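Structural overview
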Amino acid sequence: MAALRAAMPVLLLLLGLCLEPAATAAPLVIWHGMGDSCCNPMSMGYVQKMVEKKIPGIYVLSLKIGSNLIQDMENSFFMNVNDQVREVCSQLAADPHLKGGYNAMGFSQGGQFLRAVAQRCPSPPMLNLISIGGQHQGVYGFPRCPGESSHICDWIRKTLDLGAYTQAVQEHLVQAEYWHDPLKEEDYRKNSIFLADINQERGINETYKKNLMALKKFVMVKFLNDTMVDPPASEWFGFYRSGQAKETVPLQETSLYKEHHKTQSNATLIPP
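Below is a summary of the structure that appears in this document. Here the structure is a predicted model, which means the values were calculated and not measured. (Residues numbered from 1 in each chain as written. Predicted model: local features only at pLDDT ≥ 70, side-chain atom pairs only at ≥ 80, totals over all residues. Heavy atoms only, no water.)

Observations regarding the layout of surface pockets
Defined as follows: Grid points spaced at 1 Å and placed over the protein atoms alone form the basis of the search, with a cavity being a set where a 1.4 Å probe fits but cannot get out and a pocket an open set showing protein on both sides within 12 Å along at least five of seven lines. Lining residues have an atom within 4 Å of a point. Grid points are joined across faces, edges and corners, and a volume is the space filled by probe spheres set on the points. Only DSSP runs of H or I reaching four residues or more are called helices, and only runs of E reaching two or more are called strands; each is numbered from the N terminus. For this classification, Asp, Glu, Lys and Arg are treated as charged, while Ala, Val, Leu, Ile, Met, Phe, Trp, Tyr, Cys and Pro are nonpolar and the rest, including Gly, are polar.
Considered as a void within the structure, the second largest pocket measures approximately 240 Å³ in volume. Glu185, Tyr240, Ser242, Thr254 and Ser255 are the residues nearest the centre of the second largest pocket, which is lined by 15 residues in total. Secondary structure elements with two or more residues in the lining of the second largest pocket: helix H8 (185-191), strand S6 (239-240) and helix H11 (255-260). Sorting elements by how many residues they give to the lining of the second largest pocket places H8 first, with three residues. For the lining of the second largest pocket, the residue count by class is five nonpolar, five polar and five charged.

Here it is, written out as structure tokens:
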């Protein structure tokens, strides 16, 4: 909660929302992180109320995947990410408030999921994307889990150790879909059904590139003392140097950046 209170004014300013009259402020779409839900009063519910207080009249959509809050939380662990993205794209296309475009704010894994929305679903148009702790190069560990989800994360760790890139695990475990093993890069590129696709690890997708370049701003916020995921460098599109899991390299030194650097030209990296 303290981190949210400290970060929100900066995030609102980055989106440009505070500089716009309420009548013209673009709608805001929010996607929560692992183990959370759309409307938790201690997290996304707080964020929504704060935005609405700062900008009276703004339309805020906090995404819910499922028919209730329990399903929404469970789906953050067990629903195929590609299916979730398709569901969200359908929700956005059907919402008349968003037809003129919207800003997006993703928390933790919601950051990379909204990037997938930007790349795959250009209508209605996403104007700006803020990723708060999103793991855009994936993760290679979950040191700590949020709230009361620790037992689920213990199971997730064991499952990932047994076979993160098997078809069954990829299709039914969300965190496996952005699991990036630097010791098994070929397995990752070949078998990752989500992250390797949106990061164009198997070849350049010109449509993805064009759609991401259409963003006015892509802002990535990194938590400097993150204890939730490994490595935190992924929040700025950095990752482990291939072949080992100790040394990390920044975005600009990754092969992904060198091969597709123009795709990142509208990106802004900021610490909290």
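Some thoughts on the state of the cysteines
The condition is simple: Our working definition of a disulfide is a cysteine sulfur pair at a distance within 2.5 Å. Throughout, exposure labels follow a simple rule: accessible area from a 1.4 Å probe, protein chains only, divided by the maximum for the residue type, with under 20% read as buried, over 50% as exposed, and the rest as partly exposed.
Evaluated as defined, the whole model comprises two disulfides. The disulfide that involves Cys38 links it to Cys39, with 2.4 Å between the sulfurs. With the S-S bond torsion at -90°, the cross-link from Cys38 to Cys39 turns out left-handed. Look at Cys38 and you get buried, because its relative accessible area is 2%. Here Cys89 connects covalently by a disulfide to Cys121, the sulfurs 2.0 Å from one another. Taking the torsion about the S-S bond as the criterion, the Cys89 to Cys121 disulfide, at about 95°, is right-handed. One end of the pair, Cys89, is in helix H4 (residues 81-94); the other, Cys121, is in the loop between helix H5 (109-120) and strand S4 (126-132), with 32 residues separating them in the sequence.

Some points on the packing of aromatic side chains
The test is simple: Classification of ring pairs rests on two measures: the distance between centres of Phe, Tyr or Trp rings, Trp counted by its six-membered ring, which must be within 6.5 Å, and the angle between planes, read as stacked under 30 degrees, edge-to-face over 60 and tilted in between. Over a ring means this: the NZ of a Lys or the CZ of an Arg is within 6 Å of the ring centre and within 35 degrees of the ring normal.
Counted by the stated rule, this structure contains eight aromatic pairs. Arranged with centres 5.4 Å apart and planes meeting at 50°, the rings of Tyr140 and Trp179 form a pair that is tilted. Placement of the pair is Tyr140 in the loop between S4 and helix H6 (150-163) and Trp179 in the loop between helix H7 (167-172) and H8, with a sequence separation of 39 residues. For Tyr140, a relative accessible area of 23% corresponds to the partly exposed category. Taken together, a centroid distance of 6.4 Å and an interplanar angle of 85° make the contact between Tyr140 and Tyr240 edge-to-face. Of this pair, Tyr140 sits in the loop between S4 and H6 while Tyr240 is found in strand S6, placing the two residues 100 residues apart along the sequence. For Tyr240, a relative accessible area of 9% puts it in the buried group. The structure contains a cluster of three or more aromatic residues connected by ring pairs, namely Trp31, Phe113, Tyr178 and Phe194. Positioned over the ring face of Trp236 is Lys222, at 5.1 Å from the centre of the ring.

A closer look at the nonpolar core
Here is the rule we go by: Grouping buried Ala, Val, Leu, Ile, Met, Phe, Trp, Tyr and Cys residues that are joined through side-chain atoms within 4.5 Å yields what is termed a nonpolar core. We call two residues in contact whenever any of their non-hydrogen atoms come within 4.5 Å of each other.
Of all hydrophobic cores here, the largest spans 50 residues; its most connected members are Trp31, Leu92, Val117, Met126 and Phe142. Among the elements of the structure, strand S1 (28-31), H4, strand S3 (102-107), H5, S4, H6, helix H9 (195-198) and strand S5 (217-221) are those that each provide at least two residues to this core. Excluding residues that lie within four positions of it along the chain, Leu92 makes contacts with Val29, Leu61, Leu63, Leu98, Tyr102, Val117 and Pro124. Within the second largest apolar cluster, 17 residues are counted, among which are Ala25, Leu28, Val47 and Val221.

Structural notes on the side chain of Asp181
To be explicit about the condition: In this tally Asp and Glu are treated as negative and Lys and Arg as positive; neither His nor the chain ends contributes. The salt bridge definition used is simple: a Lys or Arg side-chain nitrogen within 4 Å of an Asp or Glu carboxyl oxygen.
Mapping Asp181 onto the fold places it in the loop between H7 and H8. No salt bridge is formed by the buried Asp181, whose closest oppositely charged neighbour, Lys184, lies at an N-O distance of 4.4 Å. Ignoring sequence-local partners within four residues, the contact set of Asp181 consists of Tyr140 and Tyr165.

Digging into the environment of Phe107
Topologically, Phe107 is positioned in strand S3. Here the alpha-carbon distance between Phe107 and Met44, two residues 63 residues apart in the chain, equals 9.0 Å.

A few points about the packing of H5 against helix H10 (residues 206-213)
What counts is decided by this rule: The angle between two axes is taken between their N-to-C directions and runs from 0 to 180 degrees, where each axis is a line fitted to C-alpha atoms and a helix contributes only its stretch in contact. Note that the term roughly parallel is reserved for angles under 35 degrees, roughly antiparallel for angles over 145, roughly perpendicular for angles of 65 to 115, and oblique for everything else.
Running from N to C, H5 and H10 cross one another at 105°; their axes reach a closest spacing of 7 Å. As the angle between them shows, H5 and H10 are arranged roughly perpendicular. Within the contact between the two elements, H5 uses Arg115, Ala118, Gln119 and Arg120 and H10 uses Thr207, Tyr208, Asn211 and Leu212. For the contact of H5 with H10, a count of residues per class yields three nonpolar, three polar and two charged.

Considering the pattern of salt bridges
Within the structure shown, the criterion is met by seven salt bridges. Two residues, Glu247 and Arg241, come together in a salt bridge whose shortest N-O distance is 3.1 Å. Residue Arg241 is classed as partly exposed on the basis of its relative accessible area of 37%. Linked by salt bridges that have partners in common, Glu185, Glu186, Arg189 and Glu201 make up one network.

Nothing here speaks to function; it is geometry throughout.
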